[in-house]
Amino acid sequence: TEATDFDQIRSDFPVLQEKVKGKPLVYLDNAASSQMPAVVANRIDHYHRHEHANVHRGIHHLSQKATDSYEETRRKVQAFINAEHEHEIIYTSGTTDSINLVAYSFGEQYIDEGDEIVVSEIEHHANIVPWQIAAQKHGASVQVVPVNDDGDLDLEAYEKLLNKRTAIVAIGHVSNALGTIHPVREIIAKAHERDIPVLVDGAQAVPHGQVDVQALDADFYAFSSHKMCGPTGFGILYGKERYLDAMPPYRSGGDMIDKVSFEGTTFNVLPHKFEAGTPPIAAGVGLGTAVDYLSNIGMDVIAQREQELLDYATQQLLDIDGLRIVGTARQKASVISFVFDDIHATDIGTILDQQGIAIRTGHHCAQPAMRRFDIAGTARVSLAFYNNREDIDRLVKGIKEAKTFF
Ligand code: PMP
């Protein structure tokens, strides 16, 4: 097969031509938000200029066109993650919203007093707090799977936590704080042996490799548009039909109803039952183009490219005196979190910013993970396929220069 031209791909992203503080931007904060290729920005612009109308209600031409464009994304996402049914793809505002939906609606139907909800020690707050709230509401408890010193889940401890009272397991596919890839297929299989459903937080997995929800046998799978070259304000909840059908609506109002009267209201079919009100139509249309864009490159090609960059960056960073990488699991994806004993992560981030290099510092919305490793926060470099070795070389040079300040 033809080799992919990553220089060409890099030029698809207008923002990468920007200068920051007089220097060419080095963007290494992709785990927070990825950048957007021009095709996606153009598609959203085109929608606003030529196609905008409300969806699902108009008999007129423009409304039908907007509806078609918006609904096309659902089929694209279905194919992208290999869901069995189109109506198993629920539009949300992002991973946070997707998990809140499940914590609320699954909770209403399935979580009872004395039940247990299993999460890991290194989840994003979005996959902790909604479960704590659901647990409080239903008189259940949250049980925590510990990780070892490398940042890998303790699978023996996980199995021991599973029991008759376990209502659901909620686990990240890839840790945004450490980059650890969790063996979700195995985690799901262990839960299914006991008829326990599993929600996977795929926010950091979908942008970085092929995800097949049927092969994983995930019961719920959540992710965000803005981390996969799409716009903000949009996300996906995949759920198995039998769970989604049994779960009550999360939010209510227009679009999600069948018949409304003051005697009572019946709800719309899937997926609309979970999609109340006018949605962010342009964002949904844009995500469809982002999915096309990623598919055209190929998720396997992207995964391989990012693994090469990750290996290169890891080697280069480990060469820096005093730098310690947190999370040294064998299976990692595009995130490197590191600390120095004598330099605060915030200071590293601030000095790098002076050189036009964007990284993230802090607890990465994973305070329990930081506590596990006895640190306040880390400096986090997160890669995308449009990064290159030059970005990493500039990062390494920047960190070395930063070190001379201390
Ligand atoms: N889970 C993980 C693993 C994440 O990395 C993020 C985003 N940092 C989220 C959930 C929340 O995603 P969003 O802010 O798009 O809702």
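Reading the values: rules and limits
Residues numbered from 1 in each chain as written. Predicted model: local features only at pLDDT ≥ 70, side-chain atom pairs only at ≥ 80, totals over all residues. UniProt positions renumbered as here; feature names shortened; annotations may be inferred. Helix = DSSP H or I, 4+ residues; strand = E, 2+ residues; numbered from the N terminus. Buried ≥ 20, exposed ≤ 12 C-beta atoms within 10 Å, placed from the backbone. Near = placed C-beta within 6 Å. Nonpolar A, V, L, I, M, F, W, Y, C, P; charged D, E, K, R; others polar. Pairing = 2+ DSSP bridges. Axes fitted to C-alpha atoms, helices over the stretch in contact; angles between N-to-C directions. Contact = placed C-beta atoms within 7 Å. Parallel < 35°, antiparallel > 145°, perpendicular 65-115°, else oblique. Left-handed = near helix turned anticlockwise from the far one by under 90°. Expected span 1.5 Å × (residues − 1). Arc of directions from axis to C-beta. Domains from an automatic or database assignment.

1. As for the UniProt feature "domain: Aminotransferase class V" (unreviewed entry) in the protein
1) Next: Residues annotated in UniProt with the feature "domain: Aminotransferase class V" (unreviewed entry) correspond here to residues 26–395.
2) Next: Structurally, residues 26–395 is divided into 40% helix and 18% strand, and its ends, taken at the C-alpha atoms, are 8 Å apart.

2. Quick notes on unusual backbone geometry
1) Next: For the peptide bond that leads from Leu270 to Pro271, omega is 0 degrees, which places it in the cis range.
2) Next: Following the sequence through the fold, Pro271 ends up in the loop between strand S12 (264–267) and helix H10 (281–297).
3) Next: A positive phi is found at Cys229, a non-glycine position, where the angle reads about 70 degrees.
4) Next: In this structure Cys229 comes out as buried when scored by C-beta crowding, with 28 C-beta atoms within 10 Å.
5) Next: The phi angle at Asp374 is positive, at roughly 60 degrees, despite the residue not being glycine.
6) Next: Within the secondary structure, Asp374 sits in the loop between helix H13 (367–372) and strand S17 (378–382).

3. A look at the site of the ligand
1) Next: Among the 14 residues in the neighbourhood of the ligand, the closest are listed as Gly94, Thr96, His124, Asn176 and Ser224.
2) Next: Taken together, the residues of the shell around the ligand break down into four nonpolar, nine polar and one charged.

4. Observations concerning the sheet that holds strand S5 (residues 116–120)
1) Next: If you walk across this open sheet you meet the seven strands as S4-S10-S9-S8-S7-S5-S6, and the pairing is mixed. Each edge of the sheet is formed by a strand with only one pairing partner; in this case those strands are strand S4 (89–92) and strand S6 (141–145). Strand-to-strand twist across the sheet, computed as the mean angle between neighbouring axes with direction ignored, equals 20 degrees.
2) Next: Bridge analysis of S5 against strand S7 (residues 166–172) gives four bridges, and the strand direction is parallel. Bridge pairing in S7 links Ile117 to Ile168.
3) Next: Against the sheet, helix H3 (residues 61–81) engages S4, strand S9 (220–224) and strand S10 (235–239), with an angle of about 120 degrees to S4.

5. What about the packing of H3 against H10?
1) Next: Look at H3 against H10: their axes get within 8 Å of each other, and the N-to-C directions meet at 40 degrees. Comparing their axes, H10 and H3 come out oblique. Once H3 is placed against H10, the crossing between them reads as left-handed. The segment H3 lies against H10, with Ala66, Ser69, Tyr70, Glu72, Thr73, Lys76, Val77 and Phe80 engaging Ile281, Gly284, Val285, Leu287, Gly288, Val291, Asp292 and Ser295.
2) Next: Partitioned by chemical class, the residues of the contact of H3 with H10 number eight nonpolar, five polar and three charged.

6. Some thoughts on helix H14 (residues 389–404)
1) Next: In this model H14 runs 23 Å from its N-terminal to its C-terminal C-alpha over 16 residues, within 8% of the 22 Å that 1.5 Å per residue would give.
2) Next: Taken residue by residue, H14 has Asp391, Ile392, Leu395, Gly398, Ile399 and Ala402 as its buried positions. Seen along its axis, H14 keeps its buried residues to an arc of 120 degrees; they face one direction. Seen from the open side of H14, the exposed residues pointing more than 90 degrees away from its buried face are Arg389, Glu390 and Thr404.

7. Let's talk about the domain arrangement of the protein
1) Next: Once the domains are mapped, the protein shows domain 1 (6–34 + 298–404) and domain 2 (42–295).
2) Next: Distance from the C-alpha centre of domain 1 to the C-alpha centre of domain 2: 28 Å.
3) Next: The partner domain 2 presents 27 residues to the 25 residues of domain 1 that form the contact.
4) Next: The greatest single-element share of the side of domain 1 that touches domain 2, amounting to five residues, is contributed by helix H11 (residues 299–318).
5) Next: Here the residues of the side of domain 1 that touches domain 2 sort into 13 nonpolar, eight polar and four charged.

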